[in-house]
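Given next are the chains, with one letter for each unit.
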Amino acid sequence: MNNKLRFLTAGESHGPALSIIVEGVPAGLNLLEENVNYHLARRQKGYGRGARMKIETDQIEFTAGVRHGQTLGSPISMQIKNKDYANWNTTMNPSPIDLNDEEIKKKLADKYISRVRPGHADFAGAIKYNQDDVRNILERSSARETTSRVAAGGIAHQFLKTLGIQIYSQVLQIGSVKMADEYAGNISEEEFSQIEASELRCKSPETANLMKEEIDKARKQGESLGGIIEIIVYGLPIGLGSHVHWDRRLDGIIAQYLMSVHTVKAIGFGLGFEAGCQVGSLVHDEIQRNTKKSLVSTYHHLTNRAGGIEGGMSNGEPIICRVALKPIPTLARTEENSLKSIDLKTKSNGVAFYERSDVCVVPAGGVVCEAMMALALADQILNKFGGDSMTELKTNYQNYLTYCLDR
Ligand SMILES: Cc1cc2nc3c(=O)[nH]c(=O)nc-3n(C[C@H](O)[C@H](O)[C@H](O)COP(=O)(O)O)c2cc1C
């Protein structure tokens, strides 16, 4: 992909800090640290999170690319300090340490890991990168990295908002507890406030209570839970993405961004898997001239089973995308009933080691997926409309919307 908006993240889970560089944002976007911190706080909430979220209160500091609250068009760099590093500054120190010091040796030994955890990057990563201490893998494969994505996504959200594009998400299912179908497929601004206030990011308070019970049960049993979230995008113009080449199709592009999120195992647009089980007339969306005013088109689809994308392009309807997240792999169990695993040092069978962990991360996963959706769409907007400054971009954007409304 030839991205116009690129981002890179660096940082270990218990290292000194997370670093993020976002490149390609036009000059003149109003951007404050609090615009990004707002999303970081949203990622840290959620019923079923572990002790780490109580230690960290993630906040970014801009270190480049922003001046007096406006972007400069240069790379934007951000840093987030890991507060927990205070407890890890021997184990994770970037500088060499004195291996003859008995206290240091003990601290290192306490955190040394050779018993890999099924479902994590531990096994494949330790073999691929030729590491004896699995910590050298898990510190980076940890979903702490999703903090950096949410920070980068915070900038993308801010960029899209200035064009009237809004991204929302809600939790539809946790474990076996599912919201009634009527709640899915749309989120009003008012409902989004309710979702934000819910610990489960769930529209229905009754279902949210059942989800809490499910999480409590899982915690008692030393289990973890996954679920399904829905992301909805409003205000996107017709024609992002393209039918002309495989790597320019919008659904494929969004899918790559979302599939890269830790624990995401499946994605569906609109009807998703269900589209493969229905006859054509119950899958495709009929098109008619608008009777009501719309900001993006004079036509509309009578239904939105396609989830806003046809032929690899946005079609003016809201994008509706569902994402399935697996249960997190670390299970709070005793040695006797932990998941079977191997010890890479002794090469013997044993059980997975346990390190402090969440029980259910689905609500937080929704915030991370929103961020990745924002990054994918901001890149597509920049690809189509270009512009080194926001003034230039907005002029191009507005001209295109005027053209669309003339068709
Ligand atoms: C927001 C978020 C928080 C997570 N927290 C934990 C955790 O505390 N413990 C854990 O075992 N896995 C956690 N995970 C999941 C693991 O990072 C993930 O399952 C692992 O990287 C392997 O997943 P993959 O096979 O999808 O890459 C979390 C995932 C997300 C999205």
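The structure reproduced in this document is the subject of the present report. (Residues numbered from 1 in each chain as written. Predicted model: local features only at pLDDT ≥ 70, side-chain atom pairs only at ≥ 80, totals over all residues.)

## A look at the overall build of the chain
Within the chain, the secondary structure is distributed over 11 helices and 17 strands. Computed over C-alpha atoms, the radius of gyration of the chain comes to 23 Å, within 12% of the 22 Å expected from 2.2 N^0.38 for 407 residues, which places it in the range of a compact globule. With respect to the principal axes defined by its C-alpha atoms, the chain has extents near 75 × 50 × 40 Å. Out of the 407 residues in the chain, the part that is buried amounts to 39%. Here the contacts in the chain between residues at least 6 apart in sequence split such that 69% fall between residues at least 24 apart. (Helix = DSSP H or I, 4+ residues; strand = E, 2+ residues; numbered from the N terminus. Rg over C-alpha atoms; globule rule 2.2 N^0.38 Å. Buried ≥ 20, exposed ≤ 12 C-beta atoms within 10 Å, placed from the backbone. Contact = placed C-beta atoms within 7 Å.)

## Thoughts on the environment of Phe7
The residue Phe7 is located in strand β1 (residues 6-10) in this model. C-beta crowding within 10 Å serves as the criterion here: with 23 such atoms nearby, Phe7 is assigned to the buried category. On a C-alpha basis, the gap between Phe7 and Pro75 in space is 9.3 Å, while along the polypeptide they are 68 residues apart. When near neighbours in sequence (up to four residues on either side) are disregarded, Phe7 contacts Ile20, Ile21, Val22, Ala152 and Leu375.

## Quick notes on the packing of helix α1 (residues 33-44) against helix α6 (residues 145-161)
Between α1 and α6, the shortest axis-to-axis distance is 8 Å and the interhelical angle comes to 135°. Looking at the two axes, α1 sits oblique to α6. Helix-helix and strand crossings are classified by hand; for α1 and α6 the assignment is right-handed. Counted together, Asn35, Val36, His39, Leu40 and Arg43 of α1 and Thr146, Thr147, Val150, Ala151, Gly153, Gly154, Ile155, His157 and Gln158 of α6 form the full contact between these two elements. Looking at the contact of α1 with α6 residue by residue, the class counts come to 5 nonpolar, 8 polar and 1 charged. (Axes fitted to C-alpha atoms, helices over the stretch in contact; angles between N-to-C directions. Parallel < 35°, antiparallel > 145°, perpendicular 65-115°, else oblique. Left-handed = near helix turned anticlockwise from the far one by under 90°. Nonpolar A, V, L, I, M, F, W, Y, C, P; charged D, E, K, R; others polar.)

## Points about the sheet that holds strand β9 (residues 227-234)
Whenever strands of a sheet pair, they do so through backbone hydrogen bonds, lying parallel or antiparallel. What the 5 strands build is an open sheet, ordered β8-β7-β9-β15-β10; its pairing is antiparallel. Edge strands, defined here as strands with exactly one partner in the open sheet, are β8 (177-178) and β10 (264-269). Two elements, β9 and strand β15 (residues 319-325), share 7 bridges in a ladder whose sense is antiparallel. When the sheet's bridge partners are listed, Gly227 is paired in β15 with Leu325. (Pairing = 2+ DSSP bridges.)

## Some words on the nonpolar core
Membership of the largest hydrophobic core comes to 85 residues, with the highest contact counts inside it found for Val323, Met373, Leu375 and Leu377. By size, the runner-up hydrophobic cluster in this structure holds 6 residues, among which are Val116, Ala126, Ile137 and Leu138. (Core = buried A, V, L, I, M, F, W, Y, C linked by C-beta atoms within 7 Å.)

## Observations concerning the site of the ligand
Taken together, 20 residues sit near the ligand, with Ala143, Ile328, Thr330, Ser357 and Asp358 positioned nearest. By residue class, the composition of the shell around the ligand is 8 nonpolar, 11 polar and 1 charged. (Near = placed C-beta within 6 Å.)

## Side note on the packing of α6 against helix α10 (residues 362-385)
Each pair of packed helices can be summarised by the angle the axes make with each other and by the distance between the axes. Following both chains from N to C, one finds α6 and α10 inclined at 50°, their axes separated by 7 Å at the closest point. Looking at the two axes, α6 sits oblique to α10. For α6 against α10, the interelement crossing comes out left-handed. On α10, the residues touching Thr146, Arg149, Val150, Ala152, Gly153, Ala156, His157, Phe159 and Leu160 of α6 are Val367, Val368, Glu370, Ala371, Met372, Ala374, Leu375, Leu377 and Ala378. Residues that form the contact of α6 with α10 fall into these classes: 13 nonpolar, 3 polar and 2 charged.

## Observations regarding the environment of Phe123
When you line up the elements, Phe123 lands in helix α4 (residues 122-128). Along the chain, Phe123 and Leu344 lie 221 residues apart, while their C-alpha atoms are 8.5 Å from each other.

## Considerations on the sheet that holds strand β3 (residues 61-64)
Spatially, β1-β2-β6-β3 is the arrangement adopted by the 4 strands of the open sheet, whose pairing is antiparallel. In this open sheet, the two strands that pair with only one neighbour each are β1 and β3. Each strand axis lies, on average, 20° off the axis of its neighbour in the sheet, ignoring direction. As judged from the 3 bridges shared by β3 and strand β6 (residues 76-81), these two strands associate in the antiparallel manner. Directly across from Phe62, in β6, lies its bridge partner Met78.

## As for unusual backbone geometry
Positive phi, normally seen in glycine, also occurs at His68, with a value near 50°. Relative to the helices and strands, His68 is located in the loop between β4 (66-67) and β5 (70-71). Phi angles above zero are rare outside glycine, and Thr263 is one such case at about 80°. You can see Thr263 is positioned in the loop between α9 (250-259) and β10. When the 21 C-beta atoms within 10 Å are taken as the criterion, Thr263 is described as buried.

## Brief notes about the pairing of strand β17 (residues 348-351)
In this sheet, β17 lies alongside strand β16 (residues 340-343) in antiparallel orientation, the contact comprising 4 bridges. Bridge pairing in β17 places Ser341 opposite Gly350. Once β16 ends, the chain turns through 4 residues before running back antiparallel as β17, passing Lys347 with a positive phi of about 60°.

## Points about the environment of Asp181
Positionally, Asp181 belongs in the loop between β8 and α7 (189-197). Residues Asp181 and Ser13, spaced 168 residues apart in sequence, show a C-alpha to C-alpha distance of 38 Å.

That is the geometry; function is a separate question.
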